[in-house]
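Architecture and fold: a report
Spelled out, the chains give:
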Amino acid sequence: MTEEAGARAIDALLAEERRYPPQPEFTARANAQADIYDRNFEEFWDTEAKARVSWLAPYDSLYEWDLPYAKWFLGGKLNISYNCVDRHVENGLGDKVAYYWEGEPVDDRRVITYADLQGLVVKAANGFRKLGIERGTHVGVYMGMVPELPITMLALARIGAPFTVVFGGFSPDSLSGRLNDMQCEYLITQDGAWRRGRIFDLKKNADEAMEMAPTVKAAVVLRRGGNEIGWQEGRDHWWHDVVEHESDDPSSCPPEAMDAEDLFFLMYTSGTTARPKGIMHTTAGYLVGTSVTHHYIFDVKPDDVFWCAADIGWITGHSYIVVGPLANATTSVMYEGLPDFPDRDRWWQIVERYKVSILYTAPTTIRTHMKWGPEYAASHDLSSLRLLGSVGEPINPEAWIWYREHVGGGRTPVVDTWWQTETGMILITPLPGLTTLKPGSATKPFPGVEAAVYDDHGNEVPPGGGGYLVIKTPWPAMLRGIYGDPERYQQTYWSRFPGVYFVGDGARKDEDGDFWLMGRVDDVMNVSGHRISTIEVESALVDHPEVAEAAVCGRNDPMTGQAIVAFVTLKGGKEGSPEKMTELRDHVAKVIGPIAKPANIVFTPELPKTRSGKIMRRLLRDVAENRALGDTTTLADASVVEEIKERATVTPTED
Ligand code: WTA
């Protein structure tokens, strides 16, 4: 973020003075009571870990902090699939619904109880084992939002096989990059996935990726789309052949006793280089962190119906569609498709049908609903909703208010939850019933979490000032490293300010100690809540044979938070054209995935560079934002930016 943008963000947020104190009826029943913030860090995590998780062997030490590496619950043994499924059946909750699943095609529904889920997980685990997946085998997962996705994750957890789920919108290149980095031996995928009424051929992408990922020796393919697919005899196996005939008796596949610090999964995320980072999450800390935060922040009661409308391909889905809610024996809704299929009221139909009481989504989706207008929500009975949540990017106060008014009926608290792939669990958030809400502020660190705002020199900024967000103490679900790259782990998170976790977000802490998040401070863009690095997109562009050079930056966008703008120089001094723009955008979609497509490409004979040859991204950001240009004195050739500015007035393409 430029200083100017930061200053304006602060101005805008300072102007926000609306306050929503907790309602007494909510407070009286809230899971979080006032003394929660007084609890001592160690007592808090120790008590909560024992209350929320079933251990096969107790841990001997709560945590060890060998900076920058934390280990939690050492000596403890447990299994995540047992905690998420079996113990609830043993406790008499077998008939309770785990998932109300809605397929994208209308009337395509499944109700899965905890007893059903147990049988399905056991069958899958038995089938996977017969194929050769064992404790420690690395598995890639590339699926849409079908029940078999959480079933796969739980079956792998049962066996003790670490996995990485790759979002279904990623390209074959992105998928193979992840399979190779993790050295996956198996891939669980499906034939096709529904997307706005059409089948998207996932298997074709999976096939291309497997071509480039030699460690993958077998694939399991779920039939979902019914589309024609390629097939490699010997390597590919239908899910129904592998899984259907297996026993669903839990004793046929007892859960492995995993060590607290055994790797659970990797989630790849964008950083400031082109290569995504494999963020490591381990077993006990992740389970404790997600279940405890889910319990207090979403105030979940036994009769609630919880809907986290994210995709399981991202960390939000891992933590708050799969592990947190299932560990708490919650009933969740899971929806396969897009919000406007077949019509723009699909979400509100779902809320009404299942009487959803807690809804958790991203600001970009709220803004999309705002654009469509409140009439879609108004045409359904949403009175079951009692709590709303937001995640993924700073929520502008207008969207916050709209969400509360038109979705929450002007009654519900809205919890703006701040966290990251790396943190594994929510870290800064209101607690409903306790916190006075301020639209646009994620308010306070979760109990047991210590956050601060630092200036450039690592001094704490006094109340009211902006700076860099840092976390000062370890927390159970924190990342344990970047897979295969300890140096990058140290460099990215622990070297900017020694001894504290560097988040990469700007923030301000106000007089009440409430945090206001201000977006990324590094070269990571946030487009519709998805993290994409500028350098990743630049490498995808220069990968095109006609591109000589590319520089990419984000500009503010009222719908998607940020939109990607690319500045491109073609080889041989060639001029760009609308056709070339389409071609390059498609090329980026092919290399990374459609989410990374630039909204606009500005062709320019030259990029603004310093005399030492460094591209001046700051100036490009000014151009992209249509702002007055900052200092241009260090430019090798100052006329370049003026020319780019003129070219940048070309209307951006729509997607
Ligand atoms: C941003 C998603 C402001 C932030 C769970 C962070 C937010 C990045 C919020 C992580 C929020 C997430 N307010 N910004 N409530 N939640 N962010 O890894 O920039 O996909 O660093 O994890 O999203 O994105 P990630």
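What you see is a predicted model, and the numbers here were worked out from it, not measured in a lab. (Residues numbered from 1 in each chain as written. Predicted model: local features only at pLDDT ≥ 70, side-chain atom pairs only at ≥ 80, totals over all residues. Heavy atoms only, no water.)

As a further point, take the overall build of the protein chain. Helix and strand counts for the protein chain come out as 20 helices and 29 strands. Taken over C-alpha atoms, the radius of gyration comes to 24 Å for the protein chain, in line with the 26 Å a tight globule of 655 residues would show. Expressed as a percentage of the 655 residues in the protein chain, the buried residues total 60%. Contacts in the protein chain between residues far apart in sequence, at least 24 positions, make up 71% of those at least 6 positions apart. Carbon and sulfur atoms make up 50% of the accessible area of the protein chain, which totals about 24400 Å². Side-chain charges of the protein chain comprise 66 positive and 94 negative groups, with the mean position of each set lying 1 Å from the other. (Helix = DSSP H or I, 4+ residues; strand = E, 2+ residues; numbered from the N terminus. Rg over C-alpha atoms; globule rule 2.2 N^0.38 Å. Buried < 20%, exposed > 50% of the residue type's maximum accessible area, 1.4 Å probe, protein only. Contact = heavy atoms within 4.5 Å. Areas by Shrake-Rupley, 256 points an atom, 1.4 Å probe, with all protein chains shown as cover. Lys, Arg positive; Asp, Glu negative; His and termini not counted. Charge placed at Lys NZ, Arg CZ, Asp CG, Glu CD.)

Burial within strand β15 (residues 277–282) is extensive, with six of its six residues counted as buried. Alignment of strand β14 (residues 263–269) against β15, held across six bridges, turns out to be antiparallel. Across the sheet, residue M267 finds its bridge partner in β15, namely I279. (Pairing = 2+ DSSP bridges.)

Using the criterion set out here, one finds 42 aromatic pairs in the structure. For the ring pair F264 and Y286, a centre distance of 5.7 Å and an interplane angle of 55° mean the geometry is tilted. Placement of the pair is F264 in strand β14 and Y286 in helix α10 (residues 283–297), with a sequence separation of 22 residues. Of the residues examined, Y286 reaches a relative accessible area of 1% and is grouped as buried. Ring pairs connect the aromatic residues F41, F44, W45, W55, Y59, Y63, W72, F73, Y296 and F446, which therefore count as one cluster. Just above the ring of F170 sits the side chain of R178; from NZ or CZ to the centre is 4.4 Å. (Phe/Tyr/Trp six-rings, centres within 6.5 Å; stacked < 30°, edge-to-face > 60°. Lys NZ or Arg CZ within 6 Å of the ring centre and 35° of its normal.)

Moving on, we come to the site of the ligand. Looking at the ligand, there are 17 residues lining it, with D416, T417, T421, D505 and R531 nearest. Between the ligand and D416 there is a distance of 2.7 Å, counted from a nitrogen atom to a side-chain nitrogen or oxygen. Note that an oxygen atom of the ligand is positioned 2.9 Å from one of the side-chain N or O atoms of D505. Computed on the free molecule, the ligand has an accessible area of 530 Å², of which 96% lies beneath the protein chains in the complex. Elements supplying a minimum of two residues to the shell around the ligand: α11 (315–327) and β24 (515–520). Of the residues that constitute the shell around the ligand, the class distribution is six nonpolar, six polar and five charged. (Near = heavy atom within 4 Å. Polar contact = N/O pair within 3.5 Å; in protein donor to acceptor, adjacent residues only side chain to side chain. Nonpolar A, V, L, I, M, F, W, Y, C, P; charged D, E, K, R; others polar.)

Buried residues dominate α11, accounting for 13 of its 13 residues. The positive-phi residue at the C-terminal boundary of α11 is A329, with phi of around 55°.

Turning to the packing of helix α4 (residues 80–93) against α11, a few remarks are in order. Running from N to C, α4 and α11 point in directions that differ by 40°, and their axes come no closer than 8 Å. In this structure, α4 crosses over α11, and the sense of that crossing is left-handed. In this structure, α4 uses N83, C84, R87 and H88 to contact α11, whose residues at the interface are V323, L326 and A327. Residues of the contact of α4 with α11, tallied by class, amount to four nonpolar, two polar and one charged. (Axes fitted to C-alpha atoms, helices over the stretch in contact; angles between N-to-C directions. Left-handed = near helix turned anticlockwise from the far one by under 90°.)

W45, F73, F128 and F298 are the most contacted members of the largest nonpolar core, which totals 112 residues. The element that contributes the greatest number of residues to this core is helix α6 (residues 148–159), accounting for eight residues. The residues touching F298, leaving out its near neighbours within four places in the chain, are T293, F306, Y320, I358, Y360, R386, L387, V415 and I426. (Core = buried A, V, L, I, M, F, W, Y, C linked by side-chain atoms within 4.5 Å.)

Regarding helix α12 (residues 346–354), the residues found buried are R346, W347, W348, I350, V351 and Y354. In the segment just after α12, K355 is the residue with positive phi, at about 55°.

A few words on the sheet that holds strand β22 (residues 466–471). Each strand in a sheet pairs with its neighbour through backbone hydrogen bonds, running either in the same direction (parallel) or in the opposite one (antiparallel). One open sheet accounts for four strands, arranged β21-β22-β23-β24; its pairing is antiparallel. Of all the strands in the sheet, the pair left with one neighbour each is β21 (451–454) and β24. Looking at each pair of strands side by side, their axes are set apart by 45° on average, direction ignored. Judged from the four bridges that link them, β21 and β22 form a sheet pairing that is antiparallel.

Moving on to the domain arrangement of the protein chain. What the domain assignment lists for the protein chain is domain 1 (108–256) and domain 2 (524–647). Every contact between the two is made by six residues of domain 1 and, on the other side, seven residues of domain 2. Roughly 450 Å² of surface becomes buried between domain 1 and domain 2 when both sides are summed, with 52% attributable to carbon and sulfur atoms. When the buried surface of domain 1 facing domain 2 is broken down by residue, F170, S171 and D173 rank first, second and third, together holding 55% of it. Our enumeration of links across domain 1 and domain 2 arrives at zero salt bridges. (Domains from an automatic or database assignment. Buried area = accessible area lost by both parts, 1.4 Å probe. Salt bridge = Lys/Arg side-chain N within 4 Å of Asp/Glu carboxyl O.)

So, about the sheet that holds strand β16 (residues 305–308). With mixed pairing, the seven strands of this open sheet are ordered in space as β5-β4-β17-β16-β18-β19-β20. Strands with a single pairing partner mark the edges of an open sheet, and in this sheet they are β5 (109–113) and β20 (414–416). Put simply, the sheet's adjacent strands are angled 20° from each other on average, direction ignored. Judged from the three bridges that link them, β16 and strand β18 (residues 358–361) form a sheet pairing that is parallel.

Let's shift gears to empty space enclosed by the protein. Counting across every chain of the model gives three cavities of 30 Å³ or more. Put simply, the largest cavity is a space of about 80 Å³. Contributing elements (two or more residues each) for the lining of the largest cavity: α6 and β14. Looking at the lining of the largest cavity, its residues break down into nine nonpolar, three polar and no charged. Within this model, the second largest cavity holds a volume of roughly 50 Å³. Lining of the second largest cavity is provided by T164, V165, V166, F167, F170, R178, M267, Y268, G313 and W314. Looking at the lining of the second largest cavity, the elements with two or more residues in it are β7 (163–165) and β14. (1 Å grid on protein atoms, 1.4 Å probe; cavity = no way out; pocket = protein on both sides within 12 Å on 5 of 7 lines; lining within 4 Å. Points joined across faces, edges and corners; volume = space filled by probe spheres on them.)

Let's shift gears to the packing of helix α17 (residues 534–542) against helix α18 (residues 578–591). Running from amino to carboxyl end, α17 crosses α18 at an angle of 115°, the nearest separation of the two axes being 9 Å. In this structure, α17 meets α18 at a crossing whose hand is right-handed. For the pair α17 and α18, the contacting residues are V537, A540 and L541 in the first and L584, H587, V588 and V591 in the second. Its residues assigned to classes, the contact of α17 with α18 shows six nonpolar, one polar and no charged.

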